[in-house]
Amino acid sequence: MTLIILKRKLRSYASPKRKKINEWFFKTGKGHYGHGDVFIGVSNPDCRKVAKQFQYIAFPEVKKLLQSKIHEDRFTALLILVNKFEAGDDHEKREVYKFYLKHLEFVNNWDLVDTSAYKIVGAYIVKHPQEGQKLSRYALSKNLWERRLSIVATFALIRKGEFAWTMKNAKALLVDSHDLTHKAVGWMLREVWKRDHALAESFLIKNYSSIPRTTLRYAIERMKKGKRKQFLKGF
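Heads up: these notes are all about the structure in this document. In this numbering scheme, every chain counts its residues from 1 along its sequence in written order. It should be noted that, the model being predicted, local features are given only for residues of pLDDT at least 70 and side-chain atom pairs only at 80 or more, the latter also being counted only at that level, while totals for whole chains, interfaces and linings use all residues. No hydrogens and no water enter the side-chain calculation; it runs on all heavy atoms of the structure.

Things to note about the layout of surface pockets
Note the cut-off: Lining residues are defined by having an atom within 4 Å of a point belonging to a cavity or pocket. Those points lie on a 1 Å grid over the protein atoms alone, cavities being sets where a 1.4 Å probe fits but cannot get out and pockets being open sets with protein on both sides within 12 Å along at least five of seven lines. Grid points are joined across faces, edges and corners, and a volume is the space filled by probe spheres set on the points. Each helix is a run of DSSP H or I of at least 4 residues and each strand a run of E of at least 2, with the numbering of both proceeding from the N terminus.
Taken as a whole, the largest pocket spans an internal volume of roughly 240 Å³. Lining the largest pocket are 13 residues; nearest its centre among them are Tyr33, Trp110, Leu180, Lys183 and Tyr218. Residue assignment for the lining of the largest pocket shows that the elements contributing at least two residues are helix H7 (110-127) and helix H12 (179-195). Looking at which element gives the most residues to the lining of the largest pocket, the answer is H12, with five residues.

A closer look at the packing of aromatic side chains
Selection criterion: Each Phe, Tyr or Trp ring, with Trp reduced to its six-membered ring, pairs with another whose centre is within 6.5 Å; inter-plane angles below 30 degrees give stacked pairs, above 60 give edge-to-face pairs, and intermediate values give tilted ones. Whether a charge lies above a ring is judged from NZ of Lys or CZ of Arg, which has to be within 6 Å of the ring centre and within 35 degrees of the ring normal.
What the rule picks out here adds up to 10 aromatic pairs. In this structure an aromatic cluster arises from ring pairing among Trp24, Phe25, Phe26, Phe39 and Trp110. Over the aromatic face of Trp24 sits the side chain of Lys27, whose NZ or CZ is 5.2 Å from the ring centroid. It is Arg159 that lies over the ring of Phe155; its NZ or CZ is 4.4 Å from the centre.

A word on the pattern of salt bridges
Definition in use: One speaks of a salt bridge when a side-chain nitrogen belonging to Lys or Arg is within 4 Å of a carboxyl oxygen belonging to Asp or Glu. Here's how the labels work: a residue is buried when its accessible area is under 20% of the maximum for its type, exposed when over 50%, partly exposed in between, all with a 1.4 Å probe on protein chains only.
Applying the stated criterion across every chain, the model contains 13 salt bridges. Residue Glu23 pairs with Lys19 through a salt bridge whose shortest N-O separation is 2.5 Å. Taken together, the residues Glu23 and Lys19, both in helix H2 (residues 16-25) and four residues apart, mark about one turn of the helix. For Glu23, a relative accessible area of 25% translates into the label partly exposed. Where Glu131 meets Lys134, a salt bridge forms, and the shortest distance between an N and an O atom there is 2.4 Å. Looking at Glu131, the relative accessible area reads 14%, which means it is buried. Classification of Lys134 by relative accessible area gives partly exposed; the value is 22%.

Structural notes on helix H6 (residues 90-102)
To be explicit about the condition: Helix span is expected to be 1.5 Å times the residue number reduced by one. Any two residues whose heavy atoms approach within 4.5 Å are treated as being in contact. Any pair of nitrogen or oxygen atoms within 3.5 Å is treated as a polar contact; in protein, a donor-acceptor pairing is required on top of that, and neighbouring residues in sequence qualify only through side-chain atoms on both sides.
For H6, with 13 residues, the first-to-last C-alpha span of 18 Å sits near the 18 Å given by 1.5 Å per residue. Of all the residues in H6, the buried ones are Val96, Tyr97, Phe99, Tyr100 and Leu101. Looking at the packing, one finds that the buried side of H6 touches helix H4 (59-66), helix H5 (71-87), H7, helix H8 (133-139) and helix H9 (144-152). Structurally, the start of H6 carries an N-cap: the backbone nitrogen of His91 is 3.2 Å from a side-chain oxygen of Asp89.

Printed below as a string of structure tokens:
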């Protein structure tokens, strides 16, 4: 019954205009990465409102919501998991973490990864460093979203001044062919650069010949104009 009420509430925020925007923004056309994803037209802020209101629903109901073909349902389910994780004690955090990894097949778009990976997986690894080995496996996955997770999850570690997993997975993902991976790697390298200029710049110089152009542009975005030009020109 609670899940029915949640879905009804979520759909009360839906609009045809937002639906069209989301379908275009998330590339749902044939041949694109988001082909087949279904939107009903709910904004992220409204999904967050619903997630906060229903954050204490039980895992079986979260699972059903996460398995929905509707993108906003899955997005809201992940927001609920993030809320549960952040509000939980050590045992509850572990339960959310285990549940999340068990249902990764439904974390299947870039916004779903970015909303949840570092807040659940990354945050858990901060407290349990031995779990970081999972990130290496995800970096080698055939699944695009798991590869993106392997680098985005390290954002939580970066915020703690820990860069080892970011640099390792950034290196592993340089051979990735997908633009969405290139962007994620560049984003994380930029976050490292904000905290350790020398480390990030050394990585870029050392691997310059194999860095995708998109990754490079994202990574150097916050540098001063002169240095950006230097990196774009090459070494």
